[in-house]
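An overview of the molecular structure
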Amino acid sequence: MKFEGVHEKTLVLIKPDAVQRGLVGEIVKRFEIKGLRIVGMKMMRLDEATLREHYAHIAAKPFYPTVEKFMMSSPVVALCLEGLEVVDAVRLVMGITKSRAAEAGSIRGDLAMGYGNNVIHGSDSVENAKAEVARFFKEEELLDYTKDEFMHVYSEDERV
Ligand code: IDP
Ligand code: MG
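Quick look at the structure, then. (Residues numbered from 1 in each chain as written. Chains lettered and ligands numbered in written order. Predicted model: local features only at pLDDT ≥ 70, side-chain atom pairs only at ≥ 80, totals over all residues. Heavy atoms only, no water.)

1. Digging into helix 5 (residues 86–94)
- All of the buried residues along helix 5 are Val86, Val87, Ala89, Val90, Val93 and Met94. Looking straight down helix 5, one finds its buried side chains confined to an arc of 165 degrees; they lie on one side.
- The elements touched by buried residues of helix 5 are strand 1 (8–14), helix 2 (24–34), strand 3 (76–83), helix 6 (107–111), strand 4 (120–122) and helix 7 (126–136).
- Count one or two residues on from helix 5 and you reach Gly95, which has phi positive near 90 degrees. (Buried < 20%, exposed > 50% of the residue type's maximum accessible area, 1.4 Å probe, protein only. Helix = DSSP H or I, 4+ residues; strand = E, 2+ residues; numbered from the N terminus. Arc of directions from axis to C-beta. Contact = heavy atoms within 4.5 Å.)

2. Structural notes on the site of ligand 1
- Around ligand 1, the structure places Lys15, Tyr55, His57, Ile58, Phe63, Val67, Arg91, Thr97, Arg108, Tyr115, Gly116 and Asn118.
- With respect to ligand 1, the side chain of Lys15 contributes an N or O atom lying 2.9 Å from an oxygen atom.
- His57 places a side-chain nitrogen or oxygen 2.7 Å from an oxygen atom of ligand 1.
- Within the complex, 82% of the 530 Å² of free accessible area of ligand 1 lies under protein.
- For the shell around ligand 1, the class distribution of residues is 5 nonpolar, 4 polar and 3 charged. (Near = heavy atom within 4 Å. Polar contact = N/O pair within 3.5 Å; in protein donor to acceptor, adjacent residues only side chain to side chain. Areas by Shrake-Rupley, 256 points an atom, 1.4 Å probe, with all protein chains shown as cover. Nonpolar A, V, L, I, M, F, W, Y, C, P; charged D, E, K, R; others polar.)

3. Remarks on a negative patch on the surface
- Together, Glu85, Glu156, Asp157 and Glu158 make up a negatively charged patch on the protein surface.
- Residue Glu158 is classed as partly exposed on the basis of its relative accessible area, which comes to 31%. (Patch = residues over 30% accessible without salt bridge, like charges linked within 9 Å, V, L, I, M, F, W, Y side chains within 5 Å. Salt bridge = Lys/Arg side-chain N within 4 Å of Asp/Glu carboxyl O. Lys, Arg positive; Asp, Glu negative; His and termini not counted. Charge placed at Lys NZ, Arg CZ, Asp CG, Glu CD.)

In structure tokens, the structure reads:
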């Protein structure tokens, strides 16, 4: 069962290319205007061990060393976002991995051309999102607060 209420969480990383290209504000804005709640946000540097865990599913690929080097080339911005079925919603807003083939209107489709350099990471399943949020945020770095906008973003029966 996918439905977990408006408190489903996902992990987003704004990648080094976006930080270098001055796209942090634009990317955060897209999630804000979508109606998501930012419950965690911080700038950080990633190390090899964290990346090896985070990208375990591509660690054996020939392009992995390039991805690892890229992801450590400057700080990233980590975001924990919350909303109804937010994991899938963020994947749609992001667009597909290969930016130059990503849908116009999506973050990657509008802001990037690269395959590895695709400006953003977003968790790909509710299960992975839980592990990824825990990997990048301590419990006390996730802030619970009332976002009055939620009553306009969702209908009454969705706001559970
Ligand atoms: P995703 O970020 O869209 O979920 P994944 O398959 O999980 O894509 O791959 C993780 C990251 O590894 C991608 O975002 C991209 O930066 C990089 N990557 C994946 N496949 C390729 C490839 O074929 N060439 C170069 N980089 C790749
Ligand atoms: Mg992925």
